[in-house]
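Descriptive analysis of the structure
Residue-level listing of the chains:
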Amino acid sequence: MDAVSGPILHIAAVHKRFAGAGGEVEALRAVSLTVARGEFICLIGASGCGKSTLLRLIGGFETPTEGEVLMDGRAVAGPGPERGMVFQDYGLFPWLSVRRNIEFGPAARGLAAPARRALADRFIAMIGLDRFADAYPHQLSGGMKQRVAIARVLANDAAVVLMDEPFGALDAMTRERLQAELLGLWASAGLTVLFVTHAIEEAILLADRIVVMTPGPGRITAEIPVDLPRPRDVVSAEFNALRRELGALLHSR
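Residues numbered from 1 in each chain as written. Predicted model: local features only at pLDDT ≥ 70, side-chain atom pairs only at ≥ 80, totals over all residues. Heavy atoms only, no water.

**Structural notes on the overall build of the protein**
A tally of helices and strands in the protein yields seven helices and ten strands. Here the C-alpha atoms of the protein give a radius of gyration of 18 Å, agreeing with the 18 Å that 2.2 N^0.38 yields for 253 residues. Expressed as lengths along the three principal axes of its C-alpha atoms, the size of the protein is roughly 50 × 45 × 40 Å. Counting every position in the protein, which comprises 253 residues, the buried fraction comes to 49%. Here the analysis covers contacts within the protein between residues at least 6 apart in sequence; of these, 69% occur between residues at least 24 apart. Of the accessible surface of the protein, which amounts to about 11,600 Å², a share of 54% is contributed by carbon and sulfur atoms. Separation between the mean location of the 27 positive side-chain charges and that of the 28 negative ones in the protein comes to 4 Å. (Helix = DSSP H or I, 4+ residues; strand = E, 2+ residues; numbered from the N terminus. Rg over C-alpha atoms; globule rule 2.2 N^0.38 Å. Buried < 20%, exposed > 50% of the residue type's maximum accessible area, 1.4 Å probe, protein only. Contact = heavy atoms within 4.5 Å. Areas by Shrake-Rupley, 256 points an atom, 1.4 Å probe, with all protein chains shown as cover. Lys, Arg positive; Asp, Glu negative; His and termini not counted. Charge placed at Lys NZ, Arg CZ, Asp CG, Glu CD.)

Written out as structure tokens, the structure is:
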């Protein structure tokens, strides 16, 4: 899917500092990034480079110390359903069934019960969990839980999906399957995705553009377009040339 013209997100010269026991900690310094509508961006870098902090700023869970985060030209002032976040630990409500977890956002927005049930059932079918609609999170595998977490964000009518290493705790086969499913959902729903990962191969497999961050404090040091056709062949010469380029870039920092 090609990104549609016109930015949906604009991060303008953002700094983020936190108060720490030993004094102020600078997590991000002068981070600027423009994201096109429908674009799939992966953020990579070592632990502590501010990837998750940047996602939380876009999600509205943190506020910049300096600079601004804009969505559709308006300042992000807090969390909102148009920006959904998916975490590595799923974040599901353990006391709610799969259907009720997915219905939670629409219910909070005041959607009538028949409409939100129909909406939940549509996304349950989309993620292939029809037989588990009334199951609870503890009855699901890790891959199933992550599918529900993604469906819950989509059912809340998110235009931007923020994903913080969502597949990091999954086994290799489940991760590969969910990567393919995520790309299918992204293409069919016209989503804008910002995806944090430590894995270079995962970033190349998924992204339109890879944003490389370095720590001390967190900064964007490179933006690498990925022009390979989808589906991508991980053993192709082009794929591995890009993997070597990114590996060298990360290790040089």
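**Side note on the sheet that holds strand β6 (residues 83-87)**
A sheet is described by the order of its strands in space; here six strands give the open sequence β6-β7-β8-β3-β9-β10, paired in mixed fashion. Each edge of the open sheet is held by one strand with a lone partner, namely β6 and β10 (219-225). Ignoring strand direction, the axes of neighbouring strands in this sheet form an average angle of 20°. In terms of strand pairing, strand β9 (residues 209-214) meets β10 through six bridges, oriented antiparallel. Considered in β10, the bridge of Thr214 is made with Arg219. Running at roughly 150° to strand β7 (residues 160-164), helix α1 (residues 51-59) makes contact with β3 (40-44), β6, β7, β8 (192-196) and β9 of the sheet. (Pairing = 2+ DSSP bridges. Axes fitted to C-alpha atoms, helices over the stretch in contact; angles between N-to-C directions.)

**Details of the packing of aromatic side chains**
Counted according to the given criterion, the structure contains five aromatic pairs. Look at Phe40 and Trp186: their rings are 5.6 Å apart centre to centre, the planes differ by 80°, and that puts the pair in the edge-to-face class. With Phe40 in strand β3 and Trp186 in helix α5 (residues 172-189), this pair connects stretches of sequence that are 146 residues apart. When the ring of Phe93 is compared with that of Phe104, the centres are 4.7 Å apart and the planes differ by 55°; the resulting orientation is tilted. You can see Phe93 sitting in the loop between β6 and α2 (98-108) and its partner Phe104 sitting in helix α2, a full eleven residues away along the chain. The class for Phe93 is partly exposed, based on a relative accessible area of 23%. Through pairs of rings, three or more aromatic residues link up here, namely Phe40, Phe167, Trp186 and Phe195. (Phe/Tyr/Trp six-rings, centres within 6.5 Å; stacked < 30°, edge-to-face > 60°.)

**A few points about unusual backbone geometry**
The omega angle of the peptide bond from Gly216 to Pro217 is -15°, so this bond is cis rather than trans. Along the polypeptide, Pro217 turns up in the loop between β9 and β10. With an omega of -5°, the peptide bond running from Arg230 to Pro231 counts as cis. Position of Pro231 among the secondary structure elements: in the loop between β10 and α7 (237-252).

**Some thoughts on the packing of helix α4 (residues 142-155) against α5**
Between α4 and α5, whose axes approach to 10 Å, the crossing angle comes to 15°. Taken as axis vectors, α4 and α5 run roughly parallel relative to one another. Seen along the crossing, α4 lies across α5 with a hand that is right-handed. On α5, the residues touching Gly143, Gln146, Arg147, Ile150 and Leu154 of α4 are Thr174, Arg177, Leu178, Glu181 and Leu185. Looking at the contact of α4 with α5 residue by residue, the class counts come to four nonpolar, three polar and three charged. (Parallel < 35°, antiparallel > 145°, perpendicular 65-115°, else oblique. Left-handed = near helix turned anticlockwise from the far one by under 90°. Nonpolar A, V, L, I, M, F, W, Y, C, P; charged D, E, K, R; others polar.)

The analysis is restricted to geometry; functional conclusions fall outside its scope.
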